There are 4 protein chains.
Amino acid sequence: MTDFFKGLNQVKFEGSASKNPLAYRHYNKDEIVAGKRMEDHIRPAIAYWHTFAAEGGDPFGGRTFDRPWYDKGMEGARLKADVAFEFFDLLDVPFFCFHDVDIAPEGETLAESNKNVRAIGEIFARKMQSQRTKLLWGTANLFSNRRYMAGAATNPDPEVFAYAAGQVKNVLELTHELGGENYVLWGGREGYETLLNTKLGHEQDQMARFLTLVIEHAKKIGFKGQILIEPKPQEPSKHQYDYDVATVYGFLQRYGLEKEVKCNIEVGHAFLAGHSFEHELAVASSLGMLGSVDANRNDLQSGWDTDQFPNNAGEMALAFYYILKQGGLGQGGFNFDAKVRRQSLDPADLLYGHIGGLDTLARGLKGAAALIEDGEFDTLMDERYAGWNQPGAAAMLKGDRTLEQISDWVLAENINPQPRSGRQEYLENLVNRFV
Amino acid sequence: MTDFFKGLNQVKFEGSASKNPLAYRHYNKDEIVAGKRMEDHIRPAIAYWHTFAAEGGDPFGGRTFDRPWYDKGMEGARLKADVAFEFFDLLDVPFFCFHDVDIAPEGETLAESNKNVRAIGEIFARKMQSQRTKLLWGTANLFSNRRYMAGAATNPDPEVFAYAAGQVKNVLELTHELGGENYVLWGGREGYETLLNTKLGHEQDQMARFLTLVIEHAKKIGFKGQILIEPKPQEPSKHQYDYDVATVYGFLQRYGLEKEVKCNIEVGHAFLAGHSFEHELAVASSLGMLGSVDANRNDLQSGWDTDQFPNNAGEMALAFYYILKQGGLGQGGFNFDAKVRRQSLDPADLLYGHIGGLDTLARGLKGAAALIEDGEFDTLMDERYAGWNQPGAAAMLKGDRTLEQISDWVLAENINPQPRSGRQEYLENLVNRFV
Amino acid sequence: MTDFFKGLNQVKFEGSASKNPLAYRHYNKDEIVAGKRMEDHIRPAIAYWHTFAAEGGDPFGGRTFDRPWYDKGMEGARLKADVAFEFFDLLDVPFFCFHDVDIAPEGETLAESNKNVRAIGEIFARKMQSQRTKLLWGTANLFSNRRYMAGAATNPDPEVFAYAAGQVKNVLELTHELGGENYVLWGGREGYETLLNTKLGHEQDQMARFLTLVIEHAKKIGFKGQILIEPKPQEPSKHQYDYDVATVYGFLQRYGLEKEVKCNIEVGHAFLAGHSFEHELAVASSLGMLGSVDANRNDLQSGWDTDQFPNNAGEMALAFYYILKQGGLGQGGFNFDAKVRRQSLDPADLLYGHIGGLDTLARGLKGAAALIEDGEFDTLMDERYAGWNQPGAAAMLKGDRTLEQISDWVLAENINPQPRSGRQEYLENLVNRFV
Amino acid sequence: MTDFFKGLNQVKFEGSASKNPLAYRHYNKDEIVAGKRMEDHIRPAIAYWHTFAAEGGDPFGGRTFDRPWYDKGMEGARLKADVAFEFFDLLDVPFFCFHDVDIAPEGETLAESNKNVRAIGEIFARKMQSQRTKLLWGTANLFSNRRYMAGAATNPDPEVFAYAAGQVKNVLELTHELGGENYVLWGGREGYETLLNTKLGHEQDQMARFLTLVIEHAKKIGFKGQILIEPKPQEPSKHQYDYDVATVYGFLQRYGLEKEVKCNIEVGHAFLAGHSFEHELAVASSLGMLGSVDANRNDLQSGWDTDQFPNNAGEMALAFYYILKQGGLGQGGFNFDAKVRRQSLDPADLLYGHIGGLDTLARGLKGAAALIEDGEFDTLMDERYAGWNQPGAAAMLKGDRTLEQISDWVLAENINPQPRSGRQEYLENLVNRFV
Ligand SMILES: [Co+2]
Ligand SMILES: [Co+2]
Ligand SMILES: [Co+2]
Ligand SMILES: [Co+2]
Ligand SMILES: [Co+2]
Ligand SMILES: [Co+2]
Ligand SMILES: [Co+2]
Ligand SMILES: [Co+2]
């Protein structure tokens with residue numbers, strides 16, 4: 001037992017009347033909502049990077065946090081692992097996620113880096129035997145090291161591609177061995193700083209090849225997890241190829257990979273791409289691509305990725321609506337890709353962030369479940385499109401009418417369609433009843 | 001001869017030293033650039049809507065222009081056609097573009113509307129025999145009438161779908177008969193105002209069906225033109241399905257239409273989607289989807305579609321770079337989807353806008369041609385990716401190596417890739433030599 | 001009694017369990033919150049323009065609504081007034097707001113326009129005797145008519161300035177006679193489309209002169225209402241001089257008017273200016289400039305003014321926090337500068353929009369009152385700044401120390417300040433307890 | 001002589017036909033433009049921070065550059081100074097700028113930090129005797145150290161205020177001793193991360209006090225330089241108090257400081273605040289606040305401060321228009337607050353960036369001078385406002401007419417102002433003649 005969280009006890013559900021800032025007010029893991037335990041709906045995960053590896057820096061200032069494991073190599077990494085599992089226990093969450101470089105220091109060579117990662121992986125494995133927290137997903141950091149400054153899979157230098165492949169192989173295998181339920185690829189450097197030095201088509205081919213290698217290796221080693229791509233429009237690169245869900249879908253189709261991969265959708269990335277979060281979920285769900293969620297929020301006035309904890313229950317209710325309608329996230333979950341602000345220096349701040357986030361998710365889940373149970377919302381939706389169930393309309397949609405036939409019908413019958421109210425305000429009020 | 005442009009003469013090329021505001025200073029249609037007449041590279045077109053049908057309104061104010069053809073029904077439409085062709089002649093441009101509702105007033109029924117459009121179409125046909133201006137593309141306005149408020153192809157009401165089909169059939173056939181080289185679909189209402197009343201998947205199926213009907217009818221009537229989709233992220237709808245080139249590509253693939261359709265890329269729409277114009281061209285070109293261009297610019301501080309005339313030669317040079325590299329726009333061209341500001345009341349203002357736009361395009365074209373002729377830019381690009389031509393790298397990209405083999409190689413050889421300068425500033429300076 | 005709202009009854013408070021879409025679920029006008037009736041806190045107003053004069057158009061489409069008073073001149077205006085007061089009664093709200101051109105058609109001359117406005121004003125006066133709805137504010141529309149395309153007060157043509165003065169005089173006097181509690185100036189055309197034709201300094205002088213004329217006339221006629229400027233950054237103009245609260249404050253100071261004028265702050269305008277709504281309120285309140293609110297919301301993905309009904313209770317709670325802390329809005333109120341979407345065609349939609357908006361405001365108010373009553377929030381705020389109460393710090397802030405003295409003290413005492421947690425997540429959770 | 005720039009010679013003007021990437025093509029320091037040497041117009045400066053202290057990191061990756069002076073304490077600082085002055089000489093520029101922490105490592109105490117800064121300052125002083133490069137401005141970095149995470153002058157902890165005062169005193173005095181012509185304050189942390197823990201009014205008072213201390217100390221030590229505030233809307237803070245020029249002006253007036261301080265306007269900051277660069281210059285100039293410029297550009301698609309080198313001559317021509325019209329920048333200049341991209345690893349990249357930037361400024365300057373010399377632009381501007389020179393209009397603007405008198409005049413004369421074309425496209429074409 002480290003003394004990092006000294007004096008702090010496991011966070012319990014105390015109900016909405018509680019004034020205890022270290023209690024859950026809405027997140028009650030065993031409460032049944034829409035036929036399932038709340039925890040089994042949300043499947044919340046702690047992100048190792050923001051919570052244990054981040055230092056509070058920003059582009060205009062350095063480290064503000066002061067953690068006992070900083071600058072201590074493998075010894076620090078072991079202490080960090082101890083603290084991490086204590087934290088999982090304090091919050092009583094079922095999952096965590098990590099990048100290789102979050103958990104262990106990079107070595108001089110890939111071999112040494114991989115060895116370091118495996119050493120900590122063994123510690124994880126032991127801890128996971130005695131604790132209930134499991135691995136939601138693992139991932140390789142292919143963006144921080146300077147070797148990746150011009151891309152990993154999409155680097156003009158094939159050696160970088162190869163190095164990245166070696167790094168992913170290690171993390172993918174570790175993820176598999178730890179029972180990880182997903183493997184995520186986020187391509188922060190897979191894009192460009194300037195088109196002036198970039199062959200877009202070549203880089204797309206490289207990216208598709210890389211992804212194919214990962215999929216094939218996953219199959220070969222018997223990994224049953226889901227492969228996920230996490231879209232983001234830009235930052236760190238000026239433009240990233242995995243801009244948003246629709247773009248990822250087009251890319252996957254082009255290379256015949258759309259059945260192999262789903263999306264891990266981050267709230268803030270949706271916003272930065274010019275979309276609402278619910279939009280990205282709705283699109284992904286309609287394409288069979290909604291795999292998992294990176295829960296956070298973006299500051300509405302900042303043009304960069306702020307990765308704040310979710311605190312908008314209404315936004316989360318709309319998200320859970322799409323998730324519940326598709327029968328849940330399956331192997332996916334809600335990973336808190338969220339960090340406390342750089343002024344939030346205290347260990348307790350890490351708890352407050354996650355508590356607030358989980359309570360927000362719980363409110364969203366309950367709202368969505370109630371909305372669906374009420375039924376009016378879905379009924380109104382169906383009624384709006386009911387015309388398409390008529391035989392003539394259905395035939396038209398199926399492809400049994402030509403343009404000419406349709407036009408002839410309009411002219412012959414003098415069809416003059418009359419607009420009906422879209423009822424947006426009514427629907428907004430209806431949703432607000434449950435939020 | 002109307003007296004609308006009384007006192008104004010045909011605009012001629014006078015060279016960059018000219019101070020005549022009604023002369024071209026850079027656009028010299030017969031000048032040979034990169035082996036082709038300038039006009040044949042640019043293939044400029046006048047947009048009927050902005051130039052003749054727009055009234056200078058905005059969301060906070062009504063009509064500012066005062067044109068003799070307003071509010072005069074078919075008589076006004078005929079006068080407008082006369083003025084339009086006089087304008088084409090004044091500017092000496094080879095193409096124009098139109099929507100059905102730009103050229104003729106809507107009637108009480110589709111039949112009457114179509115008849116009106118056809119009547120003006122006959123006038124166009126006659127004028128086109130004696131004048132050199134041809135039709136770059138036609139299109140149907142499926143967004144202004146209130147019947148389309150909730151979508152045309154994607155309307156919840158199948159009658160609206162059918163009505164739209166009838167409208168497109170008429171314009172597509174007219175476009176064909178007038179020798180139009182392309183047919184464009186812009187889906188301003190194909191999207192949603194609120195997800196709360198929207199079945200995304202159903203609407204996508206509708207949109208694909210509609211597009212298929214159009215493609216099939218085009219084939220049936222022998223239309224040899226290119227079918228084009230014009231992406232735009234939003235406005236008038238909150239979200240439009242044809243968000244950007246990558247999204248359109250994914251949609252087309254999903255329904256097996258990616259060989260049938262290309263994109264008409266508008267400068268301002270690229271900007272509103274969070275992209276540079278050259279990005280959209282580069283993406284489209286890499287996918288074989290770069291068909292045509294809507295030339296304009298968006299105000300850099302306004303979050304809506306400002307459709308101003310292009311005046312940034314550097315931006316246009318990057319555009320022409322991609323166009324020249326793919327061998328030109330083929331049947332496409334540069335349509336000025338641009339309008340004079342609502343304070344630009346005078347007939348002469350219509351000329352100033354187009355003159356400035358054409359001169360900007362001419363400067364861009366000449367810059368791109370010079371950049372390519374110089375050769376260093378392309379050489380540097382090739383050198384940056386040269387590593388991929390090595391046999392081992394080529395095999396890796398082709399798929400002849402597994403993830404394991406690649407990883408083993410990195411570990412065995414202790415591969416440690418060294419970053420090389422991306423030379424962005426060097427390349428920017430190089431490009432600036434030609435702009 | 002018109003039949004416009006036929007079958008719809010007065011909206012009553014039914015409590016949060018109600019499923020009646022035509023009932024208030026949170027807005028309970030007589031409920032005492034923080035020592036005052038809810039209605040007296042909120043002072044809600046209906047905006048005549050969006051509710052009765054708007055037609056459902058947008059930049060890509062025309063009128064979608066179909067109201068019996070359209071295109072009927074003064075007869076239509078009288079019918080519109082009847083419907084408006086029936087609507088005020090249906091919603092049971094205490095206030096409304098109007099522009100001159102909302103209530104009566106413009107005539108051929110200023111005299112005729114003013115006469116029309118006064119004729120409807122007399123109808124208002126009669127209705128206001130028998131109904132409880134009062135005038136929150138009046139304003140002149142100095143932006144829709146083409147004469148104002150290049151500005152009203154800031155027009156390069158002094159005749160336009162004069163015409164605008166004549167229009168304001170009429171509305172100001174009518175506002176006074178109707179017992180209006182405020183007079184608002186929104187300068188949608190007081191800005192520029194392009195700097196290339198604009199003398200910024202000259203236009204600022206014009207604007208200050210115009211404002212001074214209005215202030216002096218208000219005093220002369222004995223108007224006791226508050227003069228308010230409504231900031232907005234852009235749209236319709238590319239740039240508007242009343243960009244945001246801070247800009248308005250600088251302008252007022254420059255011309256010595258900062259004691260005479262306050263701000264009417266619109267939610268959506270704050271967002272378009274790159275600020276949160278609560279930021280604008282906080283700034284205004286700290287400057288003694290927070291006078292009134294235009295309640296609405298902006299779509300978070302649209303770059304133009306969407307004027308949707310508020311539906312974010314959390315945002316409104318932060319707003320009411322600043323309002324309650326300054327002792328309320330005084331003569332100001334919450335004007336719903338919000339419109340139903342153009343697809344919301346039905347009379348009932350007008351009710352749904354306002355009901356949802358009022359319920360949102362009520363939740364916000366109650367949340368803010370509870371937050372203040374709880375007290376922890378304010379206590380934490382005070383504690384954070386408590387160091388400044390120490391004598392040395394207070395002296396430094398008061399100006400009793402020179403830079404040199406302060407520096408000497410730091411060097412002598414080897415001052416090395418230690419950062420303390422900003423507790424953002426804790427505070428967010430605390431606020432969420434009350435929302 | 002270090003070997004950092006080994007093999008690179010002084011950059012000379014070679015004219016626009018030159019293909020030498022290490023020559024100026026437009027910047028010809030001694031060329032007379034508008035009656036003055038080009039260098040004396042532009043007064044270009046190298047920024048020590050981006051050029052010598054930056055490491056190529058970004059929020060998702062660390063150091064990419066590899067400079068021999070990194071991690072070497074005072075010895076590194078001395079080497080850095082040698083390289084810096086070699087660079088000034090290579091580029092042949094007359095000015096540089098620095099923060100204290102750019103030039104020397106921070107110590108354990110303020111005393112030690114100041115001593116380090118002074119030691120390097122002495123080296124600068126010696127070098128400046130033998131080289132022609134002078135100090136455009138100095139500034140204190142009050143944002144990178146964790147002590148400033150919650151603000152410097154606006155910190156809730158008065159000890160931080162004091163520490164910052166001690167730091168500024170040292171840099172201000174060094175700036176004075178080195179003959180610096182300006183002193184700049186940029187308040188990256190003077191703002192807030194969340195309003196939830198912020199007393200806006202208190203922090204404004206602190207900021208005004210701090211600024212007053214600096215002004216008084218500058219006077220006391222006989223500093224003749226200009227005090228400059230550099231506006232920026234956000235980043236690193238969510239909101240910064242010096243949002244834009246208009247906001248700074250309002251703040252200065254409020255505390256009676258508007259005669260003491262001018263603005264240093266950064267291109268990219270203008271963009272991030274929702275303005276064009278020329279807007280900020282025009283506003284500042286109209287208020288007598290245009291003091292100096294931070295030359296760079298922001299990526300048009302990135303929502304954060306990208307600090308790229310200027311490469312848009314048209315934008316710079318509009319900037320120089322305002323500068324020339326006010327008679328130049330006086331003691332100010334053009335500081336390249338611009339950094340090579342993190343992939344631009346080579347020493348030569350530092351040269352390419354500045355060469356491209358200087359050539360862009362030179363083109364802009366020459367364009368503006370030619371525009372003014374041509375005269376038509378200014379003539380058209382004057383003509384547009386000529387109506388205000390008429391006696392009646394002038395009286396109205398001067399305040400010799402009441403609202404009532406003006407209204408009476410409009411009614412009596414039946415004034416009906418007719419709009420005139422704003423000629424935006426004409427003016428854009430006119431400007432393009434000179435760019
Ligand atoms: Co993420
Ligand atoms: Co993120
Ligand atoms: Co277009
Ligand atoms: Co457009
Ligand atoms: Co408003
Ligand atoms: Co608004
Ligand atoms: Co700067
Ligand atoms: Co900057």
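Residues numbered from 1 in each chain as written. Chains lettered and ligands numbered in written order. Predicted model: local features only at pLDDT ≥ 70, side-chain atom pairs only at ≥ 80, totals over all residues. Heavy atoms only, no water.

Residues and elements named next belong to chain C. With parallel pairing, the eight strands of this closed barrel are ordered in space as E3-E4-E5-E6-E8-E10-E11-E12. Averaged over all neighbouring strand pairs, the angle between strand axes comes to 30 degrees, with direction disregarded. In this structure, strand E5 (residues 134-139) lies alongside strand E6 (residues 182-185), joined through two bridges in parallel fashion. Bridge assignment links Gly-138 to a residue of E6, and that residue is Tyr-183. Packed on one face of the sheet, helix H6 (residues 158-177) meets strand E4 (95-99), E5 and E6 and runs near 155 degrees to E6. Packed onto the sheet, helix H8 (residues 245-254) meets strand E8 (226-229) and strand E10 (261-266) and runs at close to 165 degrees relative to E10. (Pairing = 2+ DSSP bridges. Helix = DSSP H or I, 4+ residues; strand = E, 2+ residues; numbered from the N terminus. Axes fitted to C-alpha atoms, helices over the stretch in contact; angles between N-to-C directions. Contact = heavy atoms within 4.5 Å.)

We now examine the coordination of the cobalt ion (ligand 3). Residue and element names in this part refer to chain B. On the protein side, the cobalt ion (ligand 3) has Glu-230 (OE), Glu-266 (OE), Asp-294 (OD) and Asp-337 (OD) as donor atoms, found 1.9 to 2.1 Å from it. Coordination at the cobalt ion (ligand 3) is irregular, judged from the four donor atoms that bind it and the angles of 87 to 162 degrees they form at the metal. Sequence positions of the donors to the cobalt ion (ligand 3) reduce to the motif E-x35-E-x27-D-x42-D. The metal-metal distance between the cobalt ion (ligand 3) and the cobalt ion (ligand 4) is 4.6 Å, with Glu-266 serving as a donor to both. (Donors = N, O, S within 2.8 Å, 3.2 Å for Na, K, Ca; no water. Tetrahedral: all angles 85-135°; square planar, octahedral: opposite > 155°, others 65-115°.)

Below, the discussion takes up the packing of helix H3 (residues 73-91) of chain D against helix H12 (residues 347-374) of chain D. Residue and element names in this part refer to chain D. Packing of H3 against H12 brings their axes to within 11 Å, and their N-to-C directions diverge by 45 degrees. Put simply, H3 runs oblique to H12. Helix-helix and strand crossings are classified by hand; for H3 and H12 the assignment is right-handed. Of the residues in H12, those in contact with Phe-87, Leu-90 and Leu-91 of H3 are Leu-350, Leu-351, His-354 and Ile-355. Classifying every residue of the contact of H3 with H12 by side-chain character gives six nonpolar, one polar and no charged. (Parallel < 35°, antiparallel > 145°, perpendicular 65-115°, else oblique. Left-handed = near helix turned anticlockwise from the far one by under 90°. Nonpolar A, V, L, I, M, F, W, Y, C, P; charged D, E, K, R; others polar.)

Residues and elements named next belong to chain A. For strand E11 (residues 290-295), the tally of buried residues reaches six of six residues, placing the bulk of the element in the interior. One ladder, built from four bridges, connects strand E10 (residues 261-266) with E11; its direction is parallel. By the bridge assignment, Asn-264 is partnered in E11 with Ser-292. Where E11 and strand E12 (residues 334-336) come together, three bridges link them in parallel fashion. Bridging from a neighbouring strand, Val-293 pairs with Phe-334 of E12. (Buried < 20%, exposed > 50% of the residue type's maximum accessible area, 1.4 Å probe, protein only.)

Phe-124 of chain A, Phe-124 of chain B, Phe-124 of chain C together with Phe-124 of chain D are the most contacted members of the largest nonpolar core, which totals 542 residues. With residues up to four places along the chain from it excluded, the contact list for Phe-124 of chain A reads Tyr-48, Ala-81, Phe-85, Phe-96, Phe-98, Ile-103 and Leu-178 of chain A. (Core = buried A, V, L, I, M, F, W, Y, C linked by side-chain atoms within 4.5 Å.)

Turning to the UniProt feature "binding site: Mg(2+) 2" (unreviewed entry) in chain A, a few remarks are in order. Residues and elements named next belong to chain A. The UniProt entry lists Glu-266, His-269, Asp-305 and Asp-307 under the feature "binding site: Mg(2+) 2" (unreviewed entry), expressed in the numbering used here. Spatially, the listed residues are clustered: although they cover 42 residues, their C-alpha atoms lie within 10.4 Å of one another. By the element assignment, Glu-266 lies in strand E10. By relative accessible area, which is 1% here, Glu-266 ends up buried. Aside from chain neighbours lying at most four places away, what touches Glu-266 is Glu-230, Phe-277, Asp-294, Asn-296, Asp-305, Asp-307 and Asp-337. With respect to the element layout, Asp-305 can be found in the loop between E11 and helix H11 (313-325). Asp-305 sits in the buried class, given a relative accessible area of 7%. (UniProt positions renumbered as here; feature names shortened; annotations may be inferred.)

So, about the pairing of E4 of chain C. All names here are of chain C. Of all five residues in E4, five are buried; the element is thus mostly enclosed. Here strand E3 (residues 44-47) pairs with E4 via three bridges, running parallel. Pairing of Ala-47 across the sheet is with Cys-97, part of E4. Strand direction decides the pairing type here: E4 and E5, joined by five bridges, are parallel. Counterpart to Phe-96 in the pairing with E5 is Leu-135.

On to the interface of chain B and chain A, then. If you look at the interface, chain B gives 90 residues, while chain A gives 90 residues. Buried surface at the junction of chain B and chain A, summed over both partners, amounts to about 8200 Å²; 66% is from carbon and sulfur atoms. Summed over the three residues of chain B that lose the most area to chain A, namely Leu-196, Tyr-385 and Leu-403 of chain B, the buried surface amounts to 10% of that side. The tally of links between chain B and chain A comes to four salt bridges. The tally of links from chain B across to chain A stands at 28 residue pairs in polar contact (both at pLDDT 80 or more). Grouping the amino acids of the side of chain B that touches chain A by side-chain chemistry returns 42 nonpolar, 28 polar and 20 charged. (Buried area = accessible area lost by both parts, 1.4 Å probe. Salt bridge = Lys/Arg side-chain N within 4 Å of Asp/Glu carboxyl O. Polar contact = N/O pair within 3.5 Å; in protein donor to acceptor, adjacent residues only side chain to side chain.)

Looking at the assigned domains, one finds that chain A contains domain 1 (32-374) and domain 2 (387-432). Relative to domain 2 of chain A, the C-alpha centre of domain 1 of chain A lies at a distance of 42 Å. (Domains from an automatic or database assignment.)

Here we come to the environment of Arg-132 of chain C. Residue and element names in this part refer to chain C. Here Arg-132 is to be found in the loop between helix H5 (110-130) and E5. In the structure, Arg-132 is positioned 40 residues away from Asp-92 in sequence and 8.5 Å away in space, judged by C-alpha atoms. Those residues in contact with Arg-132, other than ones at most four positions away along the chain, are Lys-29, Glu-39, Asp-92, Val-93 and Pro-94. Separated by 2.5 Å, the side chains of Arg-132 and Glu-39 make a polar contact.

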